[in-house]
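Breakdown of the fold
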Amino acid sequence: MHDVLIIGAGPAGLSAARWCDELGLDTLVLEQSEEVGGQLLSIHNPIENYLGIHTDNGCELRDRFAEQIKDCDFDLWTNAEIASVDLKAKRLVLRSGEELKSIAIIIATGLRRRKLCIPGEDEFTGRGMIASSGDRQAFAGKDVCVVGGGDAAAENALLFAEVCPTVTVVHRGKKLRARREFTEQLHTNHCITVFPESVVHRIIGREHIEAVEIERSGAIKPFQMAVQGVIVRIGFQPNTELFGDQLEKDDGKYLVTNARHETSVANIFAIGDVANPAAPTISGAVGAGATAAKTIASRLKA
Ligand SMILES: Cc1cc2nc3c(=O)[nH]c(=O)nc-3n(C[C@H](O)[C@H](O)[C@H](O)COP(=O)(O)OP(=O)(O)OC[C@H]3O[C@@H](n4cnc5c(N)ncnc54)[C@H](O)[C@@H]3O)c2cc1C
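What comes next concerns the included structure. Note that the structure is a prediction, hence the values are computed from the model and not measured.

On a plain count of helices and strands, the protein comes out with five helices and 16 strands. In terms of overall size, the protein behaves like a compact globule, its C-alpha atoms giving a radius of gyration of 21 Å where 302 residues would be expected to give roughly 19 Å. Oriented by its inertia axes, the alpha-carbon framework of the protein measures out at about 65 × 40 × 35 Å. A total of 302 residues make up the protein; the buried ones form 46% of that total. Sequence-distant contacts, at least 24 apart, represent 59% of the contacts inside the protein between residues at least 6 apart. With 33 positive and 41 negative side-chain charges, the protein shows a separation of 6 Å between the mean positions of the two kinds.

Counting 32 residues, the largest nonpolar core has I6, F65, I106, I271 and I282 as the members making the most contacts within it. When contributions to this core are tallied by element, the ones reaching two or more residues are β1 (2-7), α1 (11-22), α2 (58-69), β6 (99-107) and α5 (282-301). Ranked by residue count, the leading element in this core is α5, at eight residues.

Let us look at the site of the ligand. Taken together, 30 residues lie near the ligand, and E31, Q39, N49, D273 and I282 sit nearest. At 2.9 Å, a side-chain N or O of N49 approaches a nitrogen atom of the ligand. Here an oxygen atom of the ligand and a backbone polar atom of L111 are 3.3 Å apart. For the ligand, whose accessible area on its own is 1,000 Å², the fraction buried by protein is 85%. Taken together, the elements giving at least two residues each to the shell around the ligand come down to α1, β7 (111-113) and α5.

The next subject is the packing of aromatic side chains. Counted under the stated rule, the structure contains two aromatic pairs. Ring geometry for Y50 versus F65: centroids 5.9 Å apart, planes at 75°, classification edge-to-face. Placement of the pair is Y50 in the loop between β2 (27-30) and α2 and F65 in helix α2, with a sequence separation of 15 residues. The class of Y50 is buried, set by a relative accessible area of 15%.

Along the chain, L61 turns up in helix α2. Take L61: its relative accessible area is 1%, and that puts it in the buried class. Sequence separation of L61 and P46 is 15 residues, and the distance between their C-alpha atoms is 9.6 Å. In this view, L61 contacts L40, I47, Y50, I53, T55 and I282; residues no more than four positions away in its chain are not counted.

A few words now on the sheet that holds strand β12 (residues 209-216). With respect to topology, three strands assemble into an open sheet ordered β11-β12-β13, the strand pairing being antiparallel. Bordering the open sheet on either side are β11 (198-205) and β13 (223-226), each of which pairs with just one other strand. The average undirected angle you get between the axes of adjacent strands in this sheet is 30°. Sheet topology places β11 next to β12; seven bridges connect them, and they run antiparallel. Its bridge partner lying in β12, R202 is registered against E213.

Here the focus is unusual backbone geometry. Positive phi outside glycine occurs at K90, with the angle close to 55°. Inspection of the secondary structure puts K90 in the loop between β4 (82-86) and β5 (91-94). The phi angle at C117 is positive, at roughly 60°, despite the residue not being glycine. Among the secondary structure elements, C117 is positioned in the loop between β7 and β8 (144-147). On the accessibility criterion, C117 (66% relative accessible area) is exposed.

On the surface, M1, I103 and L300 cluster together into a nonpolar patch covering about 290 Å² of accessible area. With relative accessibility at 32%, the residue I103 sits in the partly exposed group.

It is worth spelling out the packing of helix α3 (residues 151-161) against helix α4 (residues 180-188) at this point. The description of two helices packed together rests on the angle between their axes and the distance between the axes. Running from N to C, α3 and α4 point in directions that differ by 40°, and their axes come no closer than 10 Å. With respect to their mutual orientation, α3 and α4 come out oblique. The way α3 lies across α4 gives a crossing that is left-handed. Where α3 abuts α4, its residues D151, A154, E155, A157 and L158 lie against F182, Q185 and L186. Split by residue class, the contact of α3 with α4 holds five nonpolar, one polar and two charged.

Each value, and the rule that gives it
Residues numbered from 1 in each chain as written. Predicted model: local features only at pLDDT ≥ 70, side-chain atom pairs only at ≥ 80, totals over all residues. Heavy atoms only, no water. Helix = DSSP H or I, 4+ residues; strand = E, 2+ residues; numbered from the N terminus. Rg over C-alpha atoms; globule rule 2.2 N^0.38 Å. Buried < 20%, exposed > 50% of the residue type's maximum accessible area, 1.4 Å probe, protein only. Contact = heavy atoms within 4.5 Å. Lys, Arg positive; Asp, Glu negative; His and termini not counted. Charge placed at Lys NZ, Arg CZ, Asp CG, Glu CD. Core = buried A, V, L, I, M, F, W, Y, C linked by side-chain atoms within 4.5 Å. Near = heavy atom within 4 Å. Polar contact = N/O pair within 3.5 Å; in protein donor to acceptor, adjacent residues only side chain to side chain. Areas by Shrake-Rupley, 256 points an atom, 1.4 Å probe, with all protein chains shown as cover. Phe/Tyr/Trp six-rings, centres within 6.5 Å; stacked < 30°, edge-to-face > 60°. Pairing = 2+ DSSP bridges. Axes fitted to C-alpha atoms, helices over the stretch in contact; angles between N-to-C directions. Patch = residues over 30% accessible without salt bridge, like charges linked within 9 Å, V, L, I, M, F, W, Y side chains within 5 Å. Salt bridge = Lys/Arg side-chain N within 4 Å of Asp/Glu carboxyl O. Parallel < 35°, antiparallel > 145°, perpendicular 65-115°, else oblique. Left-handed = near helix turned anticlockwise from the far one by under 90°. Nonpolar A, V, L, I, M, F, W, Y, C, P; charged D, E, K, R; others polar.

Below, the structure written as C-alpha cells:
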C-alpha cells in the first residue's frame, strides 16, 4: 500500500514524484518504457523556453531532471506494464500479476503520435518507417515522404531535405498549417514537393519500403510514388485507453480535470499533456505535478 502511485515518468510524472518526496508521501512511479523522459526523448532541437535551463535537446533536459531526483526516496519502476486499473478502488494490476494499491493515483501518461492506420505502416516499422528526425543520416541519399501539414511535418521535411534528394510532403488540407517561416522555406526548397489535398493510402514494399500509394483530390485514381522512407507527423493523441470509461474525457479523449488537477473520481489526479489539450508544454506538465502532489499532501494531513 502506497500513499501515491504515479503512472508515467515524463516531465509531469517526475515533477509530481519530486514533490511527493519532498512532502513525505510514500510514492511509486510506474513507467512503461525502458527509460524515463517521455516526449523529451524525441526533442532533437534546443529547448529554450523552459525557464532557468537551456539545453541542446530533450535528452539533456531529461538528464538534468534525472540528476535532480537521483537522491529522492520514491520508487521508480521502468518497463512496468499495467494490465488493468480500478480507479475507484485505487488498485492497479501489472502484467506480471502484481497488485498495487494506494490512497491516491496521479495519471501522467502524456501523448503519443497519431498513426495513419493504413496497410504497411506497422509492417515496415524499422524497415523504412522513420520514427524520428534523429535517424535522418540513415536516410541520406534516399527519397522520403512526409505525411502531415503542421509544424512537425514541415520541420521534418526541411531536416530530411538536407540529406535526401527528394522529400514529398503529403497533406489533407488545401493549405499547410505550419508556421509561415517553415512554409516559406518548404516552397523555396528545390528538393521538396508539396501535395495538398492528398492522402497516403498504402505503404508498399518487400523487405523495405519501396513506394507509397497516394490519392490526390480530383485525380481519377491513386498513383504510386517511389520512396524508401516515410515519416508520419499528423498530431498526437492522449494515452487514456487504459482508463476506459472510468473517468470523464473530452471529445479528443483527454482527461477532464479541475484547477487542482482532480479528475471525476475522488483522489485520482491527471497532470501534464494527458489533461492539457490546449497548451501542452514542459512547464505546464512540471507545474501540474507540483499542484497535484501538494493537494494530495494537504488532504492526507487534514
Ligand atoms: C518534437 C517535440 C518538441 C517539443 N518541444 C517543446 C518545447 O520546446 N517546449 C515545451 O515546453 N514543450 C515541448 N514539447 C512538448 C513537451 O515535450 C510535452 O509537453 C511534455 O513532455 C509533456 O510531459 P508529460 O509528462 O505530460 O507527458 P510525456 O512527456 O508524454 O510523458 C508521458 C510518460 O508516460 C508514459 N506512459 C504512457 N502510458 C503509460 C502507461 N499505461 N503506464 C506507464 N507509463 C505510461 C510514457 O511512456 C511517457 O514516458 C515538445 C514535444 C515534442 C514531441
